[in-house]
Amino acid sequence: MNPNRIERSYSTPTTHRSRVQLLTRPSEVRRQKSKAGSVLCLLFSVLCSLFICSFIRADWQPAKGPLMTRWAKQVSPNNVHPEYPRPQMVRKNWLNLNGLWEYAIRPKDEGQPKKFDGQILVPFPAESALSGVMKAVGEKSRLWYRRTFKVPKKWENQRILLHFGAVDWDTTVWVNGKQVGDHRGGYDPFTFDITDALNDGGAQSAWGRLTAEIVLSVWDPTNTGYQPRGKQVKKPGGIWYTAVTGIWQTVWLEPVAAAHIKSLNIVPDVDSKTVDVSLNLVSPAGEAAATVTVLDRRKKVASGQIKITGEGGIATLSIKLAVKNAKLWSPDSPFLYDLKVTLTHNGKIVDELSSYFGMRKISLGKDKEGITRLFLNNKPLFQFGPLDQGWWPDGLYTAPTDEALRYDIEVLKKLGCNMLRKHVKVEPARLYYWCDKLGLMVWQDMPNGDRHIRGRDSDLERGDESAMQFELELKRVIEAFRNHPCIVMWVPFNEGWGQYDTPRIVNLIKELDPTRLVNNTSGWADRGVGDVHDIHRYPGPAAPPTEENRAAVLGEFGGLGLPVKGHTWRDEKNWGYRSYKTREELTDAYLVLLDNLRSLIGGGLCAGVYTQTTDVEIEVNGFMTYDRAMIKMDVEKAAAANRRLYLPPPVVKTIVPTSQKQGQSWRYTTSKPRDGWQRAGFDDSDWQKGKGGFGTEGTPGAVIGTEWKSSDIWLRRTFELKSKKLSRPQLLIHHDEDAEVYINGRLIAKLERYTSSYVQVRLDEKARKALKVGSNCLAVHCTQTTGGQYIDVGLVDIKEQ
């Protein structure tokens, strides 16, 4: 699909979507133009439209939230997500139901309200400022919606589908007083055929004149229930955010024939240079035929037809088409092929839709050193990008505009990222469309639910209902979004949140989608299955050990914080994993972090996920502020550091090994030593001998060789240096807490606080001068005050290829 063409079709209302209709309140409807209407009638209609729009604009205002984005000013009842919401299955005729609806919040067990509380701007959740409501709903209440609409006369004798992009969480829908369906799930799109409810005894001739009514009830238990909910909680704080309830994606109507395409599945095969297209049809008895055409913009690449004759019902048609001289999709060249599908029934065209796909392959493979790597299109590629929460200060789960959605992706591309990890949230299809179009790979998390486990705990034993709901929503999410080339990895669990039956869930995902990688769990409770071993280290970085059949990835690290006055959710009590006071301090710390990350690539690290895209509520560790008003780091410096990650990895030469793989011998004492203890000639014969590292079990990232439980420890060892011609010598150290490191009596590093893994510390020119050819002395003092404790030190040299 040509992205420019589809964008024009989105921004231009169809013949069945007048501007007034999109904006109207539930009591207001679009007037059908008479074919014989005069210029005077047309002018009168326009004047009425302007009056109605002016009235609506004056009547509705967003609530006063703690922080708003610049796009909030563009949002109004006559301009609220007007874009076509399903970019991979586009039909010409549709009716957008976003805009003002009536709402009411009532006790959970009460029936439909006779009177509503006011107006809510759909599709923003009730707790958000842009909804105009900004009220908590809670598990003891039910949120009710109501609006009216008219079905265009031209849709007569067709089936009418009512689509919801997403509603959180338990939804029941009535049309004209008739219940048309219910749905449980906060992240997957769902559809009801409302034709029978509209017919009112078969009087389709009244379409275009009679007003129809939609009523919804929504109940959401948030974190009091077992359902997938992501980071929503009743009492937000820290890494947990404001709950959302109700409609949070576009609502729309669509006419289809009795025979129509229900869904499609597109599977590109780079190796065979083909694409498989499967169509799920709803078809009455008779012959159905589908023509599928692949286009490179307007040039036909391939085309084929498939037919089926049957007694009616649900049918699946599949076809394989050759894509010769395929243009591959990648972050550097995100080429998209257009796909056109035409369905005929008994020789008559009954359905036409457009889509797109990318020729893209994601897999594991061995590099020239024999290390298991992430491969894109049969070539190794380091993947780097942020943890992306997808929250907005004014819309919470819902971006204020489509332009705002796109902006986040554009910033990440500008910063040199080639991926993002969509964290315990599923986005509208428009977000994945922008990733497809602009070129950004996505690791897609499944939103978490139920209880949590710690890193050393066994998997949960979820109740039958909880497990069934999780797997139902997981399946629906995969089926809804698996056509997007940007999605390269599924992540069912994060840090033990709701984690259960891990091997079985991994196999379930592989059966649903064998074309993508599966991360069994990001952080903590790895079960040795799936395609990657994923660890979290803050601030890090760190790398898990390499494996024969899985890639080593760093699923979260960083979290460097900087609150920017005037751009925070709260004026006080903001936090990051590490806090800085200026843009310059933050940038310098980030460059060191990324330099350390790059040094891990040669040893086998395949991906890094930095926390995070934006600040979120009281978290201030984003690339951008929560309102997206500024990028907090020096963009050019950060982007240059990020892009260096994709260069050939540096060669890491060990000068002094750490105890990560094998315990190294040290002299040590826990009693304060005599003066000069750090010098080469010091007599340490009365010190104890022990294997590193030194500390207590349970300290994150520690490899204990000798237990150390006192407040202080002093270490000494000698090493040989054959030459001082070093490229970029660095300490490799894991310290908890403060540490001082000496070489030949000279202080070369004074490190405060603690690390949760081994990190690299670059030696400055003065420190390098402390080294000498021959025997050298490495001495360390580490101090502990509270919590875990650990110390281990090595020395490496980093050489660029």
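Residues numbered from 1 in each chain as written. Predicted model: local features only at pLDDT ≥ 70, side-chain atom pairs only at ≥ 80, totals over all residues. Heavy atoms only, no water.

*Asks:* Is there a simple way to explain the overall build of the protein chain in this structure?
*Replies:* Of regular secondary structure, the protein chain possesses 11 helices and 44 strands. Taking 2.2 N^0.38 as the reference for a compact globule, 801 residues should give roughly 28 Å; the C-alpha atoms of the protein chain span a radius of gyration of 30 Å, in line with that estimate. Along the first, second and third principal axes, the C-alpha atoms of the protein chain reach 105 × 55 × 50 Å. A separation threshold of at least 6 residues defines the contact pool for the protein chain, and within that pool the share at least 24 residues apart is 72%. Counting every atom, the protein chain has about 32,900 Å² of accessible surface; 50% of that belongs to carbon and sulfur. Mean positive and mean negative side-chain charge positions of the protein chain (111 and 91 charges, respectively) differ by 5 Å. (Helix = DSSP H or I, 4+ residues; strand = E, 2+ residues; numbered from the N terminus. Rg over C-alpha atoms; globule rule 2.2 N^0.38 Å. Contact = heavy atoms within 4.5 Å. Areas by Shrake-Rupley, 256 points an atom, 1.4 Å probe, with all protein chains shown as cover. Lys, Arg positive; Asp, Glu negative; His and termini not counted. Charge placed at Lys NZ, Arg CZ, Asp CG, Glu CD.)

*Asks:* What exactly am I supposed to notice about the state of the cysteines here?
*Replies:* By definition, a disulfide links the sulfur atoms of two cysteine residues through a covalent bond. Applying the stated criterion across every chain yields a total of zero disulfides. With no disulfide partner, cysteine 417 has as its closest neighbouring cysteine sulfur the one in cysteine 435, 11 Å distant. For cysteine 417, a relative accessible area of 4% translates into the label buried. The cysteine cysteine 486 is free of any disulfide, with cysteine 435 supplying the nearest cysteine sulfur at 4.8 Å. (Disulfide = S-S within 2.5 Å. Buried < 20%, exposed > 50% of the residue type's maximum accessible area, 1.4 Å probe, protein only.)

*Asks:* Is there a simple way to explain the pairing of strand β14 (residues 251-256) in this structure?
*Replies:* Consecutive side chains along a regular strand alternate between the two faces of the sheet. The buried count for β14 comes to six of six residues, which makes it a mostly enclosed element. What you see with β14 is no split at all: Val251, Leu253 and Pro255 on one side and Trp252, Glu254 and Val256 on the other are buried throughout. Alignment of strand β1 (residues 95-96) against β14, held across two bridges, turns out to be antiparallel. Following the sheet pairing, leucine 95 is matched in β14 by leucine 253. The pairing of strand β5 (residues 159-164) with β14 spans six bridges and is classified as antiparallel. Paired with leucine 162 across the bridge in β14 is leucine 253. (Pairing = 2+ DSSP bridges.)

*Asks:* Could you clarify how one ought to interpret the nonpolar core in this entry?
*Replies:* Core analysis: the biggest nonpolar cluster contains 102 residues, and Leu374, Phe384, Trp443, Tyr590, Leu597 and Tyr610 have the highest contact counts within it. Examining the composition of this core, we find that eight residues originate from one element, helix α9 (residues 583-601), more than from any other. Setting aside residues no more than four positions away along its own chain, leucine 597 makes contact with Phe382, Phe384, Pro541, Leu554, Phe557, Leu605 and Leu645. Residues Tyr103, Val151, Trp155 and Val218 belong to the second largest nonpolar core, which totals 34 residues. (Core = buried A, V, L, I, M, F, W, Y, C linked by side-chain atoms within 4.5 Å.)

*Asks:* Hey, could you run me through the sheet that holds β1 in this one?
*Replies:* Sheets are built from strands that pair by backbone hydrogen bonding, the pairs being arranged parallel or antiparallel. Strand order across the open sheet formed by four strands is β1-β14-β5-β9, with antiparallel pairing between neighbours. Edge positions in the sheet fall to β1 and β9 (190-193), since each has one partner strand and no second. Alignment of β5 against β9, held across four bridges, turns out to be antiparallel. In the strand pairing of β9, leucine 162 is matched with phenylalanine 192.

*Asks:* I keep staring at the side chain of asparagine 519 and nothing clicks. Help me out?
*Replies:* Position of asparagine 519 among the secondary structure elements: in the loop between β27 (517-518) and β28 (532-537). In this structure asparagine 519 comes out as buried when scored by relative accessible area, which is 0%. Contact partners of asparagine 519, with chain neighbours within four places excluded, come to Trp443, Met489, Trp490, Val491, Pro492, Val532 and Asp534.

*Asks:* I tried to follow the side chain of arginine 628 on my own but got confused; where do I start?
*Replies:* Its place among the elements puts arginine 628 in the loop between β32 (605-611) and α10 (635-643). Accessibility expressed as a relative area gives 1% for arginine 628, which makes it buried. In this structure the side chain of arginine 628 is engaged in a polar contact, spanning 2.9 Å, whose partner is the backbone oxygen of tryptophan 391. Filtering out sequence-adjacent residues up to four positions away, arginine 628 remains in contact with Arg70, Trp71, Trp391, Trp392, Pro393, Tyr407, Asp408 and Thr614. (Polar contact = N/O pair within 3.5 Å; in protein donor to acceptor, adjacent residues only side chain to side chain.)

*Asks:* Just to check I follow, could you spell out unusual backbone geometry for this structure?
*Replies:* Negative phi is the rule for most residues except glycine; trans is the rule for most peptide bonds. For the bond from aspartate 168 to tryptophan 169, the omega torsion is 20 degrees, close enough to zero to count as cis. Structurally, tryptophan 169 can be placed in the loop between β6 (167-168) and β7 (170-175). The omega torsion of the bond from tyrosine 538 to proline 539 falls at -10 degrees, within 30 degrees of zero and hence cis. You can see proline 539 is positioned in the loop between β28 and β29 (551-558).

*Asks:* It is not clear to me how the packing of aromatic side chains should be interpreted in this structure. Could you clarify?
*Replies:* How two aromatic rings sit relative to each other is given by the distance of their centres and the angle of their planes. For the structure on display, the rule yields 36 aromatic pairs. Relative to phenylalanine 694, the ring of tyrosine 668 has its centre 5.2 Å away and its plane inclined at 55 degrees; by these criteria the two rings are tilted. Of this pair, tyrosine 668 sits in strand β34 (residues 665-669) while phenylalanine 694 sits in strand β36 (residues 694-695), and the two are 26 residues apart along the sequence. Given the relative accessible area of 10%, tyrosine 668 is considered buried. Taken together, the ring pairs connect Tyr187, Tyr241, Trp248, Trp391 and Tyr397 into an aromatic cluster. Lying over the aromatic face of tyrosine 407, arginine 70 brings its terminal NZ or CZ to 4.6 Å of the ring centre. (Phe/Tyr/Trp six-rings, centres within 6.5 Å; stacked < 30°, edge-to-face > 60°. Lys NZ or Arg CZ within 6 Å of the ring centre and 35° of its normal.)

*Asks:* Can you help me understand the pairing of strand β41 (residues 746-751) in this one?
*Replies:* Relative to β41, strand β40 (residues 739-743) runs antiparallel, the two sharing five bridges. Bridge assignment links alanine 739 to a residue of β41, and that residue is leucine 751. Between β40 and β41, which pair antiparallel in sequence order, lie two residues; one of them, asparagine 744, sits at a positive phi of approximately 55 degrees.

*Asks:* Would you take a moment to explain the sheet that holds β29 for this structure?
*Replies:* Read from one edge to the other, the open sheet built from eight strands follows the order β27-β26-β25-β24-β23-β32-β29-β28, with strand pairing classed as parallel. Each having just a single partner strand, β27 and β28 make up the two edges of the open sheet. Relative to strand β25 (residues 441-445), strand β24 (residues 419-422) is paired through four bridges, and the arrangement is parallel. Bridge pairing in β25 places arginine 421 opposite tryptophan 443. Contacting β24, β25 and β26 (487-491), helix α6 (residues 429-438) crosses the sheet at an angle of about 150 degrees to β25. (Axes fitted to C-alpha atoms, helices over the stretch in contact; angles between N-to-C directions.)

*Asks:* Can you help me understand a positive patch on the surface in this one?
*Replies:* Side chains of Lys724, Arg746, Lys766 and Lys769 sit close together on the surface and give a patch of like positive charge. Position of lysine 769 relative to the elements: it lies in helix α11 (residues 765-769). (Patch = residues over 30% accessible without salt bridge, like charges linked within 9 Å, V, L, I, M, F, W, Y side chains within 5 Å. Salt bridge = Lys/Arg side-chain N within 4 Å of Asp/Glu carboxyl O.)

*Asks:* Honestly, the packing of α9 against α10 in this entry has me stumped. Any pointers?
*Replies:* The geometry of a pair of packed helices is captured by two quantities: the angle between their axes and the separation between those axes. For the pair α9 and α10, interaxial distance at closest approach is 10 Å and the crossing angle is 5 degrees. Relative to α10, the element α9 is oriented roughly parallel. Packed against α9, whose contacting residues are Arg583, Thr587, Tyr590, Leu591 and Leu594, the element α10 presents Val635, Lys637, Ala638, Ala641 and Asn642 at the interface. Considered class by class, the residues forming the contact of α9 with α10 number six nonpolar, two polar and two charged. (Parallel < 35°, antiparallel > 145°, perpendicular 65-115°, else oblique. Nonpolar A, V, L, I, M, F, W, Y, C, P; charged D, E, K, R; others polar.)

*Asks:* Explain the pattern of salt bridges to me, please; I cannot follow it from the model alone.
*Replies:* Side chains bearing opposite charge may pair, as long as their charged atoms lie close to each other. Scanning the model with the defined rule gives 45 salt bridges in all. Two residues, glutamate 427 and lysine 422, come together in a salt bridge whose shortest N-O distance is 2.8 Å. Among the residues examined, lysine 422 registers a relative accessible area of 1% and is labelled buried. A salt bridge links lysine 425 to glutamate 427, with the shortest nitrogen-to-oxygen separation between them at 3.0 Å. Here the salt bridges share partners, and the residues they tie into one network are Asp595, Arg598, Arg644, Arg728, Arg762 and Glu800.

*Asks:* Could you clarify how one ought to interpret the environment of valine 133 in this entry?
*Replies:* Topologically, valine 133 is positioned in the loop between β3 (118-122) and β4 (141-149). Sequence-wise, valine 133 and lysine 379 are 246 residues apart; in three dimensions their C-alpha atoms are separated by 50 Å. Filtering out sequence-adjacent residues up to four positions away, valine 133 remains in contact with Tyr103, Gln119, Ile120, Ala126 and Ser128.

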